[in-house]
Amino acid sequence: MSAPDGRDGLLISAQALAAELAPVTGPEQAPVLLDARWRLAGPPGIDSYQQGHLPGAVFADLDRDLAGPPGPPGPGGRHPLPDPAAFQAAMRAAGVSRGRPVVVYDDGDAMAAARGWWTLRYFGHQDVRVLDGGYRAWAEAGLPVTTDRPAPAPGDFTAEPGHMPVLDAAGAQATARDGLLLDARAGERYRGETEPVDPVAGHIPGAASAPTVGNANPDGTFRTAAELTARFTALGAAPAPATPPESPSGAPGTGTPPATPVGAYCGSGVTAAHEVLALALAGIPAALYVGSWSDWITDPTRPVATGA
């Protein structure tokens with residue numbers, strides 16, 4: 001397994017990744033690269049991948065590989081969890097194995113890459129990192145790109161769900177009432193001033209607005225752990241104890257329950273994964289409401305709040 005890259009094994013810089021991919025490393029130790037570029041309004045990420053990607057990277061389609069198909073109007077939201085068997089098949093085809101590290105990247109803001117990181121972690125892979133700054137940071141560093149499509153040897157990854165905490169609608173409502181539920185969407189969507197995607201505007205009552213743009217620097221890289229801790233502490237979160245009494249080997253951000261339960265949601269569980277990753281960098285474990293707002297509004301009896 002790979003060594004952490006200064007950010008608790010959650011992020012890796014372009015330069016550090018280039019070093020891990022050097023031929024001397026050997027293919028069995030080099031990380032599997034997943035190109036998860038995606039934009040809600042397009043163009044399709046595969047177009048960007050075909051125009052140039054990191055050498056050896058395999059394209060992972062967010063809609064097809066990192067989420068299940070949305071059903072008719074009803075529970076689940078626009079990007080529900082993928083079926084374990086389908087996710088396992090997609091990851092094995094990409095060369096993912098349990099004992100080999102994975103690095104996920106997107107254009108640079110880490111929104112889609114964080115969903116890839118979270119989904120792999122949820123299904124049991126313990127060594128997944130996000131390329132900090134994404135494809136943009138790699139290209140701006142003058143590192144090589146290619147249009148060649150690799151043919152990776154099949155991996156042996158086994159998808160076992162349940163390794164990251166999740167919320168359903170009832171759990172999100174309880175977290176908003178008894179803990180801290182963060183809305184990762186833009187502030188105007190939280191306030192209900194505009195809703196470009198879903199048919200109902202507003203937010204879950206009791207949720208706090210925490211747009212993901214506040215997690216990142218202007219170049220798309222994540223802010224420092226200290227800055228993120230300060231941000232989330234101001235919103236009411238608190239880092240988990242570094243060493244829980246019942247588990248001397250416990251580490252912050254890896255599953256130790258925080259003093260205040262924390263959860264995150266967005267429109268469909270994509271940008272909220274970025275929030276969960278930022279919280280993990282701050283040492284604060286958080287649950288993801290995968291269905292998010294697009295699931296919440298499918299039941300007209302659920303309350304909707306607007307304004308600040």
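Scoring rules and cut-offs
- Along each chain, the written sequence defines residue order, and numbers are assigned to residues from 1.
- Confidence filtering applies because this is a predicted model: local features only for residues at pLDDT of at least 70, side-chain atom pairs given and counted only at 80 or more, and all residues used for totals across whole chains, interfaces and linings.
- The side-chain quantities take in all heavy atoms of the structure and omit both hydrogens and water.
- Stacked, tilted and edge-to-face are the three classes applied to pairs of Phe, Tyr and Trp rings, where Trp contributes its six-membered ring and a pair requires centres within 6.5 Å; stacked means planes under 30 degrees apart, edge-to-face means over 60, and tilted covers the rest.
- In this text, helices come from DSSP runs of H or I with a minimum length of four residues, and strands from runs of E with a minimum of two, each type numbered from the N-terminal end.
- Each residue gets one of three labels from its accessible area relative to the maximum for its type: buried under 20%, exposed over 50%, partly exposed in between, using a 1.4 Å probe on protein chains only.
- To be clear, the arc concerns the directions from the helix axis to the C-beta atoms.
- Here a polar contact means two N or O atoms within 3.5 Å. Within protein one must be a hydrogen donor candidate and the other an acceptor candidate, and residues neighboring in sequence count only if both atoms are side-chain atoms.

(A) Representation of the packing of aromatic side chains within the structure. Across all of its chains, the model carries five aromatic pairs by this definition. Both rings, one in Y49 and one in F59, keep their centres 5.7 Å apart while their planes meet at 45°; by these two values the pair is tilted. Taken together, the residues Y49 in helix α2 (residues 45-51) and F59 in strand β3 (residues 58-59) connect sequence positions 10 residues apart. Of the residues examined, Y49 reaches a relative accessible area of 1% and is grouped as buried. Here F59 falls in the buried class, since its relative accessible area comes to 12%. Between W118 and Y122, the ring centres sit 5.1 Å apart and the planes meet at 15°, which makes this aromatic pair stacked. You can see W118 and its partner Y122 sitting in helix α4 (residues 111-122), four residues apart, about one turn around the helix. Classification of W118 as buried rests on a relative accessible area of 0%. When its relative accessible area of 10% is taken as the criterion, Y122 is described as buried. In textbook terms, an aromatic cluster arises when at least three aromatic residues are bridged by ring pairs, as seen for F87, W118, Y122, F123 and F157.

(B) Representation of helix α3 (residues 84-93). Three or more residues of α3 are buried, namely F87, Q88, A90 and M91. An end-on view of α3 places all buried positions within 165° of arc, on one side of the element. Within α3, the exposed residues directed more than 90 degrees away from the buried face are A85 and A93. Its side-chain oxygen 3.0 Å from the backbone nitrogen of A85, D83 forms the N-cap of α3.

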